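Residues per chain are reported as follows:
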Protein chains: 2
Amino acid sequence: MNTRDRLLLLLKNNEGSWISGEAIGKKLDISRNAVSKHVKNLRLHGYDIVSAPHKGYRLSAGSDVVSPDEIRDGLLTDVMGKKEIVWFKETGSTNIEAKRLADGGAEEGTLVIADNQLSGRGRLGRTWFSSQGQGIFLSIVLRPRLAPMKAARITLMTAVAVAETLISQTGILPTIKWPNDILVNQKKVAGILTELSADMDVVNHVIVGMGLNVNTDVIDFPREIRPLATSIHAETGKIWSRRKLIQAFLKNFEQYYRTMLEGDFEGVMKQWKALSGIIGKEVAVSMVNRKVMGMVLDVDGEGFLILKDRDGTLHRILSGDVHL
Amino acid sequence: MNTRDRLLLLLKNNEGSWISGEAIGKKLDISRNAVSKHVKNLRLHGYDIVSAPHKGYRLSAGSDVVSPDEIRDGLLTDVMGKKEIVWFKETGSTNIEAKRLADGGAEEGTLVIADNQLSGRGRLGRTWFSSQGQGIFLSIVLRPRLAPMKAARITLMTAVAVAETLISQTGILPTIKWPNDILVNQKKVAGILTELSADMDVVNHVIVGMGLNVNTDVIDFPREIRPLATSIHAETGKIWSRRKLIQAFLKNFEQYYRTMLEGDFEGVMKQWKALSGIIGKEVAVSMVNRKVMGMVLDVDGEGFLILKDRDGTLHRILSGDVHL
């Protein structure tokens, strides 16, 4: 264990209490200058360490750090998060960083994670609000042996993994909103952005990006999205460990990803449909240049919404905004 | 017209003949040093300008330059090649350069072209042989409003455009080999590599790369591909203007691309099938981990080969190598 990790352990063993720079220096056999240097480095990696004259240092109780080390510690996956993990205190978009890594040859399971996204994106170039340290912003590099036309399955399967994680970890009951949002009480708690790089007959890589509002206070959402957005905290009144949610999500994600690749996509779609509650509903779908109203008959394995309008005409829609 | 272009015009008007540095300097009212500098610049752009003591400069007769200026001069398209044209004397792969431009926001119709590709690629990461100045190596940036699962149509449509260009410009009779090669007398004369960047429901950009062996001598092909490769020159015994072929190809390409986007893909497929000669043939298709033999019933609008094996089972194949 290196000095930094030994320092971190010491702080964790005294979580919430003060420990003087002198005492730390003695225990680790380093100078007070070196202590100060390592504390700075830990802060850069997201640890909330307070310092005060005559008191020393204190790791804030319940410090919820999503650094590579913290994510790896107790992660029960085989691939996802088991390769490179790249962490940013702040970045433009984790998907863009992941794409850059994938273009450079990054392996399946490579994880990019940020405490804050400066220009988080949603579908169709829309923005995604990110609040420093309160949400989960991550992207995963995948290299599935999959025909490009089947890549939409990854969005569907990821939505199921997010929803299952929320149910099992927090007890809230989410619904999936076609095609790529997760709602609680009709408000958006999570979004998925899947991006594909492919030759005509084979996928090069897929980037799955996921944004999840964890401990965000409702008051911190920009006023214009407040009626539309929520967080796990807002729904439950509790503070949640992002680290544990990430680990649980990665585990679920890996499991559904495998199930999908092994060919049992019908099973995944069954769960998707149960969680979406959209089948059989009357909806309006706004598309780029038109609007269709009707009843949702199905969502097929390619991610298309199958809608029957009042004239009985069937519509197969790949992209649009659904309103109940 | 700037000095460089005036010098080029002067050399073109005396194509194949010597003109002294002094005479050029006088005509353009520049120093002999400046003449030498502009000649160097033109050479960098691919012009074959010979210089000799006491004789001066001579633009080689039939100089076949594919610089941006030369391609633009007489180009009858509206979009393709009408935006930025980036020319390389040598580059790794025009598709990679085009992808970089597209990621940076390059417009539809942006053209990347190289005199030589150092690591030209084919499908499935295979290499594509490139011979300096003898072939056409180009990539086009497209931004179609197309569902990602329809992007394979672009490969099919490009194959038709290449084949039509060969027929109308050189009189040779090519066949299309599913999915992305153009053959003459069973040997490969051109290949297409289409690459897709997409969200789940909308294409960000498509890069269409095309490699065409124009004036390559058979002897210049590496020994191992000699039985499999040919050039227009090898088939006709003539030297062809790459510039004119590029212009004709861009024109055909633009026309088929439009037809496809406007929805008449059946018309394009009709031509594809006529040019492929694969329908009704007995073939063996080698895939990554298996081989199927049978009769080709169809190639559908998503680019799948529909094969019926001896047991009457239908196979829908997206990717593989076909042998007659």
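See the structure printed just above.
What counts as what
- Residues numbered from 1 in each chain as written.
- Chains lettered and ligands numbered in written order.
- Predicted model: local features only at pLDDT ≥ 70, side-chain atom pairs only at ≥ 80, totals over all residues.
- Heavy atoms only, no water.
- Least-squares fit on C-alpha atoms with pLDDT ≥ 70 in both.
- Contact = heavy atoms within 4.5 Å.
- Pairing = 2+ DSSP bridges.
- Helix = DSSP H or I, 4+ residues; strand = E, 2+ residues; numbered from the N terminus.
- Axes fitted to C-alpha atoms, helices over the stretch in contact; angles between N-to-C directions.
- Core = buried A, V, L, I, M, F, W, Y, C linked by side-chain atoms within 4.5 Å.
- Buried < 20%, exposed > 50% of the residue type's maximum accessible area, 1.4 Å probe, protein only.
- Buried area = accessible area lost by both parts, 1.4 Å probe.
- Salt bridge = Lys/Arg side-chain N within 4 Å of Asp/Glu carboxyl O.
- Polar contact = N/O pair within 3.5 Å; in protein donor to acceptor, adjacent residues only side chain to side chain.
- Phe/Tyr/Trp six-rings, centres within 6.5 Å; stacked < 30°, edge-to-face > 60°.
- Parallel < 35°, antiparallel > 145°, perpendicular 65-115°, else oblique.
- Left-handed = near helix turned anticlockwise from the far one by under 90°.
- Nonpolar A, V, L, I, M, F, W, Y, C, P; charged D, E, K, R; others polar.

Caption draft 1: Quick look at the relation of the copies chain A and chain B. Here chain A sits on chain B after a turn of 180° about the axis and a move of 0.0 Å along it, with an RMSD of 0.1 Å. On this basis, the relationship between the two copies can be described by a two-fold rotation axis. Comparing interface residues between copies, 100% of those in chain A also lie at the interface in chain B; the contact surface is shared.

Caption draft 2: Molecular detail of the sheet that holds strand E14 (residues 321-323) of chain A. Residue and element names in this part refer to chain A. One open sheet holds the five strands; their spatial order is E13-E12-E11-E10-E14, and the pairing between them is antiparallel. The open sheet is flanked by strand E13 (314-317) and E14, the only strands paired with a single partner. Averaged over all pairs of adjacent strands, the angle between strand axes in this sheet comes to 45°, irrespective of strand direction. Both strand E10 (residues 282-286) and E14 contribute to a ladder of three bridges, which runs antiparallel. Bridging from a neighbouring strand, Ala284 pairs with His323 of E14.

Caption draft 3: Structural context of the nonpolar core. Among the nonpolar cores identified, the biggest contains 134 residues, and Trp272 and Leu305 of chain A together with Trp272 and Leu305 of chain B are the most heavily contacted of them. Contact partners of Trp272 of chain B, with chain neighbours within four places excluded, come to Leu156, Ala159, Val160, Ile176, Trp178, Ile278 and Val299 of chain B.

Caption draft 4: Seen up close, the interface of chain A and chain B. Between chain A and chain B, the contact holds 26 residues from the first and 26 residues from the second. Contact with chain B buries area across many residues of chain A, yet Met149, Met200 and Asp201 of chain A alone supply 33% of it, more than any other trio. Linking chain A with chain B are zero salt bridges. The tally of links between chain A and chain B comes to six residue pairs in polar contact (both at pLDDT 80 or more).

Caption draft 5: Fine view of the sheet that holds strand E13 (residues 314-317) of chain B. All names here are of chain B. If you walk across this open sheet you meet the five strands as E13-E12-E11-E10-E14, and the pairing is antiparallel. The open sheet terminates on both sides in strands that have one partner only, identified here as E13 and strand E14 (321-323). The mean inter-strand angle of the sheet, taken between neighbouring strand axes irrespective of direction, is 45°.

Caption draft 6: Structural context of the packing of aromatic side chains. All names here are of chain A. On inspection of all chains with the given rule, the structure shows four aromatic pairs over all chains. With a centroid separation of 5.6 Å and an interplanar angle of 45°, the aromatic rings of Phe249 and Phe253 are classed as tilted. Highlighted residues: Phe249 and Phe253, both in helix H8 (residues 242-261), separated by four residues, approximately one helical turn. Taking the relative accessible area as the measure of exposure, Phe249 reaches 3% and is therefore buried. Among the residues examined, Phe253 registers a relative accessible area of 0% and is labelled buried.

Caption draft 7: Highlighting unusual backbone geometry. Residue and element names in this part refer to chain A. With omega at 0°, the peptide bond leading from Trp178 into Pro179 counts as cis. For Pro179, the position within the fold is in the loop between strand E6 (175-177) and strand E7 (181-184). One non-glycine residue, Asp29, adopts positive backbone phi at about 60°. In this fold, Asp29 is placed in the loop between helix H2 (21-28) and helix H3 (32-44).

Caption draft 8: Layout of the packing of helix H6 (residues 152-170) of chain A against H8 of chain A. Residues and elements named next belong to chain A. With their axes 8 Å apart at the nearest point, H6 and H8 run at an angle of 140° to one another. In terms of orientation, H6 lies oblique with respect to H8. Handedness of the crossing formed by H6 with H8: right-handed. Contacts between H6 and H8 involve Arg153, Ile154, Met157, Thr158, Val160, Ala161, Val162, Glu164, Thr165, Ser168, Gln169 and Thr170 from the first element and Lys244, Leu245, Ala248, Phe249, Asn252, Phe253, Tyr256, Tyr257 and Met260 from the second. Along the lines of polarity and charge, the residues of the contact of H6 with H8 split into 12 nonpolar, six polar and three charged.

Caption draft 9: Looking closely at the pairing of strand E5 (residues 135-142) of chain A. All names here are of chain A. Across the eight residues of E5, eight count as buried, placing the element largely inside the fold. Neither face of E5 is left uncovered, since the one carrying Gly135, Phe137, Ser139 and Val141 and the one carrying Ile136, Leu138, Ile140 and Leu142 both have all their residues buried. As defined by bridge partners, strand E4 (residues 111-114) adjoins E5 across four bridges and the pair is classed as antiparallel. Its bridge partner being in E5, Val112 is matched across the sheet by Ser139. In the sheet, E5 pairs with strand E9 (residues 203-213) via eight bridges, with the strands oriented antiparallel. Considered in E9, the bridge of Gly135 is made with Asn213.

Caption draft 10: Highlighting the environment of Leu42 of chain B. Residue and element names in this part refer to chain B. Its place among the elements puts Leu42 in helix H3 (residues 32-44). Exposure remark for Leu42: the relative accessible area of 0% places this residue in the buried category. C-alpha separation for the pair Leu42 and Asp5, spaced 37 residues apart in sequence, amounts to 9.0 Å. Apart from residues lying up to four places away in sequence, Leu42 is in contact with Arg4, Leu7, Leu8, Leu11, Tyr47 and Ile49.

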